[in-house]
Amino acid sequence: MSAALLRRGLELLAASEAPRDPPGQAKPRGAPVKRPRKTKAIQAQKLRNSAKGKVPKSALDEYRKRECRDHLRVNLKFLTRTRSTVAESVSQQILRQNRGRKACDRPVAKTKKKKAEGTVFTEEDFQKFQQEYFGS
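Looking at UniProt, one finds the protein chain named Active regulator of SIRT1, with Homo sapiens as its source organism. Turning to the protein chain, the UniProt record has this under Subcellular location: "Nucleus, Nucleolus".

Below, the structure is given as structure tokens:
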């Protein structure tokens, strides 16, 4: 709640809890009754503390003040002037760091194909072994 609403609620609460005279007793007529007076200074202070006293600002002025400027042309000029190449390893590292951590975000690792293992023996060696071992 705002401070003005709290103050107003407290004033109303204080007025309802003020000590009241029982209806059977009469007030003495000779004594002057003091009434709380609201002077202009008190009213001005209340207006200053609440939103009522504030001058409304123009919505267009506020918008223009906070309006985002378009920096596209300036940024494009800057980017076209500075042409620097970055090493491939650095760019790959940046891309790797910005990639997500989930499995679906990871690229599939390429598996290296195994080369067919060749033999050290030639066909002639096999035939020679066959003749020596089997004797045919």
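Structure shown, so let's carry the discussion forward.
Novice: Where do I start with the UniProt feature "modified residue: Citrulline" in the protein chain in this structure?
Specialist: Under the UniProt annotation, the feature "modified residue: Citrulline" is placed at R7. Counting through the fold element by element, R7 comes out in helix α1 (residues 3-16). Of the residues examined, R7 reaches a relative accessible area of 35% and is grouped as partly exposed.

Novice: How should I be thinking about the pattern of salt bridges in this particular structure?
Specialist: Opposite charge on two side chains lets them pair, provided their charged atoms get close. Applying the stated criterion across every chain, the model contains 2 salt bridges. Across the salt bridge formed by R8 and E11, the nearest N and O atoms sit 3.6 Å from each other. Highlighted residues: R8 and E11, both in helix α1, separated by 3 residues, approximately one helical turn. Its relative accessible area of 32% is what places E11 among the partly exposed residues. Across the salt bridge formed by E62 and K65, the nearest N and O atoms sit 3.7 Å from each other. With E62 and K65 both in helix α3 (residues 59-66) and 3 residues apart, the pair spans about one turn of that helix. By relative accessible area, which is 60% here, K65 ends up exposed.

Novice: Got a minute to help me understand the UniProt feature "modified residue: Phosphoserine" in the protein chain in this structure?
Specialist: As recorded in UniProt, the sites labelled "modified residue: Phosphoserine" are S84. Examined against the element boundaries, S84 turns out to sit in the loop between α4 (72-81) and α5 (88-98).

Novice: Mind showing me how you'd approach helix α6 (residues 123-134) here?
Specialist: In an α-helix, one full turn covers 3.6 residues, which means residues spaced three or four apart are oriented alike. Over its 12 residues, α6 extends 16 Å from the first C-alpha to the last, a length consistent with the 16 Å expected when each residue adds 1.5 Å. At the exit of α6 stands G135, carrying a positive phi of roughly 75 degrees.

Novice: I tried to follow a nonpolar patch on the surface on my own but got confused; where do I start?
Specialist: Taken together, the side chains of L72, L76, F78 and L79 present a nonpolar region at the surface, about 430 Å² in accessible area. Checked against the element boundaries, F78 lands in helix α4. Taking the relative accessible area as the measure of exposure, F78 reaches 55% and is therefore exposed.

Rules behind the numbers
- Residues numbered from 1 in each chain as written.
- Predicted model: local features only at pLDDT ≥ 70, side-chain atom pairs only at ≥ 80, totals over all residues.
- Heavy atoms only, no water.
- UniProt positions renumbered as here; feature names shortened; annotations may be inferred.
- Helix = DSSP H or I, 4+ residues; strand = E, 2+ residues; numbered from the N terminus.
- Buried < 20%, exposed > 50% of the residue type's maximum accessible area, 1.4 Å probe, protein only.
- Salt bridge = Lys/Arg side-chain N within 4 Å of Asp/Glu carboxyl O.
- Expected span 1.5 Å × (residues − 1).
- Patch = residues over 30% accessible without salt bridge, like charges linked within 9 Å, V, L, I, M, F, W, Y side chains within 5 Å.
- Areas by Shrake-Rupley, 256 points an atom, 1.4 Å probe, with all protein chains shown as cover.

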